[in-house]
Amino acid sequence: MKLAFSTLGVPGMPVPDVVDLAASCGYDGVELRAHPEEPVHPGLTPAQRASVAVRFAEAGVAVLGVAGYARVAGAGPDEPVMAELDALVRLARDVGAPYVRVFPGGGERPAQEADADAARRLGTIAPVAADAGVRVLLETHDSHRRAQDAVRVLGPVGHGSVGALWDVLHTWLGGEEPDASFPALAPHLGYVQVKDVASVEETAPLPLGAGVLPLGACVGTLSRAGWDGWLCWEYEKRWHPQAADFVQLAGPGAEYLRGLVAAAPAAT
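Here we summarise the structure given alongside this text. Remember, predicted model here, so these are calculated numbers, not experimental data.

## Section: the nonpolar core
Point 1. Phe-5, Tyr-27, Phe-56 and Val-192 are the most contacted members of the largest nonpolar core, which totals 80 residues.
Point 2. When residues no more than four places from it in sequence are discounted, the contact partners of Tyr-27 are Leu-3, Ala-4, Phe-5, Ala-22, Trp-233, Phe-246, Ala-250, Gly-253, Ala-254 and Arg-258.
Point 3. Listed in part, the eight residues of the second largest apolar core include Ala-4, Tyr-191, Trp-230 and Cys-232.

Quick look at the structure:
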């Protein structure tokens, strides 16, 4: 399995410093938070996008994905959501990222309505993403935090350029064990976000292995299935400024993940 981290853990860090951190700590790639307060976002010029791609390529570090904030299951007209999706797909293409992360964002809407809107929007962006060489991934999050919730949307879409991002925290908060989440997501899975927290009530980020999330079970489930994709550490420093500095945790976190992978059972 390949390792990445999200720039959510290093808010505002310049791209050269992000690349250096990944390379020095042995990460294979980086997930870029695509927000206007960050160095990489849809407002970048073509030259700026090219510069980002070159910087990562020269260091041998992959841009795993751009983490956008489009909410595909949200209420309202399609046009603003589609414009946001289109902008994220084009950004990913230009910086060399194979994936775009989007949220459900269905809120308290009836599930049938939220599912239908999400499937329609994702189905519409799918050919655009295919032409760009990008996959749009629906994260297990908020209104669709369990695998079984996400596949209600992904099944009807039925397109290879739309898939799932498995956020281990949210499936766990939804009461799913890894050996239930993975089989449901497997046909759609792009990559996996890992993290750690103290409890259901205390979700501030912790160093990997210091909390209660079933990370070993997750990696074990993936390994038994022969999955060799990406594990991306999403350390939510942006939302928890009091949390420990990610720069000091990045190296030990990579070692922890490598240890889990090394100890995981082989494919059967």
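The discussion continues.
## As for the packing of helix α5 (residues 147–157) against helix α7 (residues 178–185)
Point 1. At a minimum axis distance of 9 Å, the contact between α5 and α7 shows a crossing angle of 10°. The angle between α5 and α7 places the two elements in the roughly parallel class. Where α5 approaches α7, its residues Ala-147, Ala-150 and Val-151 are matched on the opposing element by Ser-181, Ala-184 and Leu-185.

## A closer look at helix α1 (residues 15–25)
Helical geometry: 3.6 residues make up each α-helical turn, so side chains three or four residues apart lie on a common side.
Point 1. Where α1 is concerned, the buried positions are Val-15, Val-18, Val-19, Leu-21, Ala-22 and Cys-25. Angularly, the buried residues of α1 cover 160° about the axis, an arc narrow enough to put them on a single face.
Point 2. Elements that come into contact with the buried residues of α1 comprise β1 (2–6), β2 (29–33), α2 (46–59) and α9 (246–263).
Point 3. Positive backbone phi, approximately 80°, marks Gly-26, located one or two places after α1.

## Quick notes on the pattern of salt bridges
Point 1. The final tally for this structure, using the stated rule, is 20 salt bridges.
Point 2. Two residues, Arg-121 and Asp-78, come together in a salt bridge whose shortest N-O distance is 2.8 Å. Of the two residues, Arg-121 is situated in helix α4 (residues 111–132) and Asp-78 in helix α3 (residues 78–95); the sequence distance between them amounts to 43 residues.
Point 3. Judged by relative accessible area, Arg-121 falls into the buried class, the value being 0%.
Point 4. Its salt-bridge partner being Asp-117, residue Arg-109 comes within 2.8 Å of it at the nearest N-O pair.
Point 5. Here Asp-117 falls in the buried class, since its relative accessible area comes to 12%.
Point 6. One salt-bridge network, held together by shared partners, links Asp-78, Arg-109, Glu-113, Asp-117, Arg-120 and Arg-121.

## Considering the layout of surface pockets
Point 1. Quantified by volume, the largest pocket comes out at close to 180 Å³.
Point 2. Along the walls of the largest pocket sit 16 residues, with Phe-103, His-141, Glu-234, Glu-236 and Trp-239 positioned nearest its centre.
Point 3. Mapped onto the lining of the largest pocket, the elements with two or more residues apiece are β2, β3 (62–71), β4 (99–103) and α6 (168–173).
Point 4. Among the residues forming the lining of the largest pocket, the class breakdown is six nonpolar, three polar and seven charged.

Reading guide: rules and limits
- Residues numbered from 1 in each chain as written.
- Predicted model: local features only at pLDDT ≥ 70, side-chain atom pairs only at ≥ 80, totals over all residues.
- Heavy atoms only, no water.
- Core = buried A, V, L, I, M, F, W, Y, C linked by side-chain atoms within 4.5 Å.
- Buried < 20%, exposed > 50% of the residue type's maximum accessible area, 1.4 Å probe, protein only.
- Contact = heavy atoms within 4.5 Å.
- Axes fitted to C-alpha atoms, helices over the stretch in contact; angles between N-to-C directions.
- Helix = DSSP H or I, 4+ residues; strand = E, 2+ residues; numbered from the N terminus.
- Parallel < 35°, antiparallel > 145°, perpendicular 65-115°, else oblique.
- Arc of directions from axis to C-beta.
- Salt bridge = Lys/Arg side-chain N within 4 Å of Asp/Glu carboxyl O.
- 1 Å grid on protein atoms, 1.4 Å probe; cavity = no way out; pocket = protein on both sides within 12 Å on 5 of 7 lines; lining within 4 Å.
- Points joined across faces, edges and corners; volume = space filled by probe spheres on them.
- Nonpolar A, V, L, I, M, F, W, Y, C, P; charged D, E, K, R; others polar.

Nothing here speaks to function; it is geometry throughout.
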